[in-house]
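Listed below, chain by chain, are the residues.
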Amino acid sequence: MEIAIIGAGNVGAALGGRLTQKGHCIRYGVPDPADEKYAALKSSANSTVTTPAEAAKPAEVVLLATPWGVTKQAIEGLGSVVGKVLVDCTKSHQSGFQRP
């Protein structure tokens, strides 16, 4: 299955690593795909690092694994997600925070 993971921090990298082990093709969508901090994510033949829009385009499933503060911006940069399963894996770092 083609899965886009938008964000490659602790949550995104952990989910992507496990899903890659299960044989899924993972496309990580990050702000700067050339940044060396994402080099380890490129080590699998089943994973690539690209922009969020390019990651989401061929995906059947899009996982949002961004910090809450940038989630709106990340979603707006995806383009159309019509017909895709969208999974929200965002988490606030503030104690007691509730989303509107």
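Please read all numbers here as calculations on a predicted model, not as lab measurements.

Conventions adopted
- Residues numbered from 1 in each chain as written.
- Predicted model: local features only at pLDDT ≥ 70, side-chain atom pairs only at ≥ 80, totals over all residues.
- Heavy atoms only, no water.
- Helix = DSSP H or I, 4+ residues; strand = E, 2+ residues; numbered from the N terminus.
- Buried < 20%, exposed > 50% of the residue type's maximum accessible area, 1.4 Å probe, protein only.
- Contact = heavy atoms within 4.5 Å.
- Areas by Shrake-Rupley, 256 points an atom, 1.4 Å probe, with all protein chains shown as cover.
- Pairing = 2+ DSSP bridges.
- Axes fitted to C-alpha atoms, helices over the stretch in contact; angles between N-to-C directions.

(A) Representation of the overall build of the chain. What the chain contains, in helices and strands, is three helices and five strands. Each helix and strand of the chain, placed in order from N terminus to C terminus, yields the pattern β-α-β-β-α-β-α-β. Reported as C-alpha extents along the three principal axes, the dimensions of the chain are approximately 40 × 30 × 25 Å. Looking at the 100 residues of the chain, the share that counts as buried comes to 33%. Of the contacts made within the chain by residues no fewer than 6 positions apart, 50% connect residues no fewer than 24 positions apart. Total accessible area on the chain is roughly 6100 Å²; 55% of this is exposed by carbon and sulfur atoms.

(B) Molecular detail of the sheet that holds strand S2 (residues 25-29). What the five strands build is an open sheet, ordered S3-S2-S1-S4-S5; its pairing is parallel. Sheet topology places strand S3 (47-50) and strand S5 (85-88) at the edges, where each strand pairs with a single neighbour. On average, adjacent strands in this sheet sit at an angle of 20° to one another, irrespective of strand direction. The sheet contact formed by strand S1 (residues 2-6) and S2 spans five bridges and is parallel. Bridging across to S2, Ile-6 finds its partner in Gly-29. Contacts between helix H1 (residues 10-21) and the sheet are confined to S1, S2, S3 and strand S4 (61-64), with S2 contributing the most and set at about 165° to the helix.

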